[in-house]
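Each chain, letter by letter, is given below.
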Amino acid sequence: MSVVEQAGIVPIARRRPRPTVRSVTVRAVGTVLVVALLVFMVGPLIWLALRAFSDIWPYPRFLPSDWTLKWWHSVFADKSLGNSIKLSFEFAPVVTVASAAICLPAAYAFSRLNFPGRRFFLVSLFATNAFPKIGLYISMAGVFYTFNLMGTFLGVVFVQLIGTIVFMTWIPAAAFSSVPRSLEEAARDAGAGPLRVFFRITFPLAAPGIFVAMVLSFLYSFDEAQGTFLVGIPNYITMPTEMYTLVLNYPEQAGAVFSILLAVPSIILMSLVRKHIMGGRLAEGFQLR
Amino acid sequence: MVLPPVAVVAVFIGFPVGAAIAYTLGKTGGPNSTVALIAQRQHVAKHGVTLGAYREVLGNSHVRGDLWATVWVTLLTIGVVVALSWAIGLYVRLSDTWIARAVSALSVIPLFIPVVIASYSILTFYAAQGFLKTLAYHTGWHSFPTLGYTMWAVVIGEVWVNVPFGVLMMSSGLNAVPNALIEAARDSGASLPQTIRAVLFPMNVIPTVIVATFTGIYVLGSFTVPYLTGPSAPNLMGVSMSQFFQSFNQPQQAEVMAMIVFVLAAGLGTIYVWANMRAAKRASQTT
């Protein structure tokens with residue numbers, strides 16, 4: 001061992017360890033696993049997307065042998081499919097606005113006010129996450145008959161609303177909490193009334209979080225299929241519920257075209273709020289504190 | 001101010017679930033009167049309650065098959081999702097290469113895709129003429145099994161849908177472990193597996209339990225994934241309860257199945273609450 005090494009200074013050329021059998025295997029296994037994950041996560045989506053443009057796809061070929069756009073024309077020409085697209089864009093805004101109207105005041109209260117039973121109410125909202133969804137929808141559908149909500153617009157709104165309550169309360173509550181109280185107090189000192197403080201200071205600063213919650217709510221309603229299917233049929237068939245019948249009754253290519261159409265709003269809206277979700281806010285919402 | 005959402009939860013969850021419990025025990029009055037009018041094969045209790053509907057449903061061998069399928073698919077999905085989330089979370093936490101970033105980006109893709117489309121694409125990918133069969137054919141494995149319309153496709157679908165939540169949860173938990181702690185363990189001679197076992201794992205019990213619980217509850221309550229990718233029978237309880245409700249016109253039996261699924265979910269929920277309470281106790285003891 002040289003003097004340099006004894007002194008704890010490793011010559012630069014020796015820093016990178018020589019590849020051993022072990023390090024090569026570790027790296028190879030790592031690469032294989034990453035490729036496997038890539039195929040597992042993205043493969044099905046690409047495979048389906050290709051189908052939307054395929055005319056003839058004989059097995060076992062990796063790509064279609066003939067390409068076409070005719071499935072796009074047939075989907076756009078189909079009245080019932082067009083109708084379901086329209087319905088989806090009607091339900092999603094209604095559910096989002098209703099959810100915001102119901103939950104945003106509560107979000108503010110949970111964040112800013114200390115009142116008896118606060119914890120109990122908070123946990124009771126989380127009950128919506130504790131029930132397996134389809135069992136809950138079946139229970140709801142049972143009493144919906146009595147209140148004439150089966151097969152109605154309102155019934156579908158209620159079914160979709162339930163799934164949005166937790167994040168419509170939780171995310172805006174976190175947003176309200178992140179507004180520094182000192183700012184509000186400063187505005188108060190300058191003579192602003194409580195309402196003015198809320199609309200000029202608190203609300204604008206919390207707006208991004210509220211926006212995220214509204215986007216997620218819109219997407220939830222837009223993508224919700226099983227509850228809508230149970231309560232809405234036969235009168236209200238939205239895009240995702242249409243997929244159930246589409247898969248069985250139409251050629252695969254039409255299903256693929258419709259899938260792409262249904263995925264586009266999701267991808268666009270989700271990309272808008274991606275940073276917020278990745279930041280761990282979603283994860284925080286599941287810790288009981 | 002907090003009353004509106006709490007009222008919505010009480011009216012649309014508390015009340016229907018209460019009514020459903022009464023209905024499954026043979027109470028056909030009040031909120032259940034309309035559904036009881038159109039239902040077939042009902043068990044009605046004239047006085048007190050009857051367990052007839054439960055006896056009939058649990059005595060049905062098809063339902064028992066569904067129940068068994070539900071239990072093993074749920075447990076297997078929980079196992080795979082927890083393992084995958086830990087593996088991806090650890091990889092992203094301990095390595096800062098572009099591959100690690102690519103892996104974490106890949107694992108959240110399902111968030112962007114509606115579940116209906118995910119299920120449909122998974123069905124075609126693993127179908128008789130799907131990618132996996134094609135790949136196996138070209139590598140000379142002609143007898144490769146078709147996974148589409150089997151319970152394996154259901155497990156694949158459930159895992160695919162639940163991976164983002166697991167990864168986000170585990171990454172946020174693992175990121176909360178300070179670098180100094182990991183380095184201290186490594187400096188005192190702990191190998192990577194030892195560090196994971198002695199430092200990272202004990203500090204991430206709660207996120208792990210959360211991933212396991214909510215993945216389990218999701219699978220128990222799922223309809224779209226098993227309906228589109230699974231076999232006609234036996235399939236998950238979610239599919240059969242919808243069939244009993246809509247196709248067979250036996251809502252009482254469907255609600256009995258809902259209750260069975262609720263009980264299974266409550267079992268998972270108990271573990272979650274217990275883990276949270278234990279962690280809170282520990283925290284109060286140490287501080």
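Residues numbered from 1 in each chain as written. Chains lettered and ligands numbered in written order. Predicted model: local features only at pLDDT ≥ 70, side-chain atom pairs only at ≥ 80, totals over all residues. Heavy atoms only, no water.

## Considering the overall build of chain A
When its secondary structure is counted, chain A shows 13 helices and two strands. In chain A, buried positions account for 49% of the 289 residues. For chain A, restricting intrachain contacts to residue pairs at least 6 apart in sequence, the fraction spanning at least 24 positions comes to 68%. Approximately 14600 Å² of chain A is accessible, and the part contributed by carbon and sulfur atoms is 67%. (Helix = DSSP H or I, 4+ residues; strand = E, 2+ residues; numbered from the N terminus. Buried < 20%, exposed > 50% of the residue type's maximum accessible area, 1.4 Å probe, protein only. Contact = heavy atoms within 4.5 Å. Areas by Shrake-Rupley, 256 points an atom, 1.4 Å probe, with all protein chains shown as cover.)

## Thoughts on the layout of surface pockets
Quantified by volume, the largest pocket comes out at close to 1200 Å³. If you list the elements that add at least two residues to the lining of the largest pocket, you get helix 3 (21–51) of chain A together with helix 4 (61–94), helix 5 (98–107) and helix 10 (192–200) of chain B. In terms of residue count, helix 3 of chain A provides more of the lining of the largest pocket than any other element does, 13 residues in total. Looking at the lining of the largest pocket residue by residue, the class counts come to 21 nonpolar, six polar and five charged. (1 Å grid on protein atoms, 1.4 Å probe; cavity = no way out; pocket = protein on both sides within 12 Å on 5 of 7 lines; lining within 4 Å. Points joined across faces, edges and corners; volume = space filled by probe spheres on them. Nonpolar A, V, L, I, M, F, W, Y, C, P; charged D, E, K, R; others polar.)

## What to know about the packing of helix 5 (residues 79–112) of chain A against helix 10 (residues 194–223) of chain A
All names here are of chain A. In the contact formed by helix 5 and helix 10, the axes pass within 9 Å of each other and the chain directions differ by 140 degrees. Taken together, the axes of helix 5 and helix 10 lie oblique to each other. Helix 5 and helix 10 meet at a crossing whose hand is right-handed. Residues Ser88, Phe89, Phe91, Ala92, Pro93, Val95, Thr96, Ser99, Ala100, Leu104 and Tyr108 of helix 5 pack against Phe198, Thr202, Ile210, Met214, Ser217, Phe218, Ser221 and Phe222 of helix 10. (Axes fitted to C-alpha atoms, helices over the stretch in contact; angles between N-to-C directions. Parallel < 35°, antiparallel > 145°, perpendicular 65-115°, else oblique. Left-handed = near helix turned anticlockwise from the far one by under 90°.)

## Details of the interface of chain B and chain A
The interface of chain B with chain A comprises 84 residues on the first partner and 82 residues on the second. Between chain B and chain A lies a buried interface of about 7400 Å² when both sides are counted; carbon and sulfur atoms form 81% of it. Considering only the side of chain B, the residues that lose the most area to chain A are Phe12(B), Phe112(B) and Tyr120(B), jointly responsible for 10% of the buried surface there. Applying the counting criterion to the chain B and chain A interface returns zero salt bridges. On the surface where chain B and chain A come into contact, there are 14 residue pairs in polar contact (both at pLDDT 80 or more). With 12 residues, the single largest contributor to the side of chain B that touches chain A is helix 1 (residues 3–24) of chain B. Residues that form the side of chain B that touches chain A fall into these classes: 63 nonpolar, 19 polar and two charged. (Buried area = accessible area lost by both parts, 1.4 Å probe. Salt bridge = Lys/Arg side-chain N within 4 Å of Asp/Glu carboxyl O. Polar contact = N/O pair within 3.5 Å; in protein donor to acceptor, adjacent residues only side chain to side chain.)

## Structural notes on the domain arrangement of chain B
In many reports, interface size means the accessible area that the parts give up when they come together. Residue and element names in this part refer to chain B. Splitting chain B by domain gives domain 1 (1–50) and domain 2 (69–286). Summarising the inter-unit geometry, the C-alpha centres of domain 1 and domain 2 are found 32 Å apart. Tallying the contact residues gives 13 residues for domain 1 and 10 residues for domain 2. Both faces considered, domain 1 and domain 2 share a buried interface measuring about 1000 Å² in area, 57% of it formed by carbon and sulfur atoms. When the buried area of domain 1 at its contact with domain 2 is split by residue, Tyr23, Thr24 and Gln40 rank highest and sum to 44% of it. (Domains from an automatic or database assignment.)

## So, the packing of helix 5 of chain A against helix 12 (residues 239–249) of chain A
All names here are of chain A. At their nearest, the axes of helix 5 and helix 12 sit 8 Å apart, and the two run at 150 degrees to each other. The orientation of helix 5 relative to helix 12 falls into the category roughly antiparallel. Each of Ser80, Leu81, Ser84, Ile85 and Ser88 in helix 5 lies in contact with helix 12, whose residues at this interface are Met239, Pro240, Glu242 and Leu246. Class assignment for the residues of the contact of helix 5 with helix 12 results in five nonpolar, three polar and one charged.

## Some details on the nonpolar core
Counting 171 residues, the largest nonpolar core has Met140(A), Phe144(A), Leu216(A), Met243(A), Trp160(B) and Met241(B) as its most contacted members. Mapping this core onto the domain boundaries places at least three of its residues in each of domain 1 (1–50) and domain 2 (69–286) of chain B. Apart from the residues lying within four places of it in its own chain, the contact partners of Met140(A) are Phe158(A), Val159(A), Ile162(A), Phe12(B) and Pro16(B). (Core = buried A, V, L, I, M, F, W, Y, C linked by side-chain atoms within 4.5 Å.)

## Re the pattern of salt bridges
All names here are of chain A. Enumeration over the complete set of coordinates arrives at five salt bridges over all chains. The closest approach of N and O atoms between Glu90 and Lys86, which form a salt bridge, is 3.9 Å. Of this pair, Glu90 and Lys86 both sit in helix 5, separated by four residues, roughly a single helical turn. Of the charged contacts in the structure, one is a salt bridge between Arg112 and Glu184, with a shortest N-O distance of 3.1 Å. Taken together, the residues span a long stretch of sequence, with Arg112 in helix 5 and Glu184 in helix 9 (residues 181–189) at a distance of 72 residues. Each member of the pair, Arg112 as well as Glu184, carries the same accessibility label: buried.

## With respect to the confidence of the model for chain B
Residues and elements named next belong to chain B. Of all residues in chain B, 99% have pLDDT values of 70 or greater, and the mean over the chain is 88. At the low end of the mean pLDDT range in chain B sits helix 5, at 84; at the high end sits helix 4, at 93. Interface scoring of the predicted complex returns ipTM 0.90; its pTM is 0.88. (pLDDT = per-residue confidence, 0-100.)

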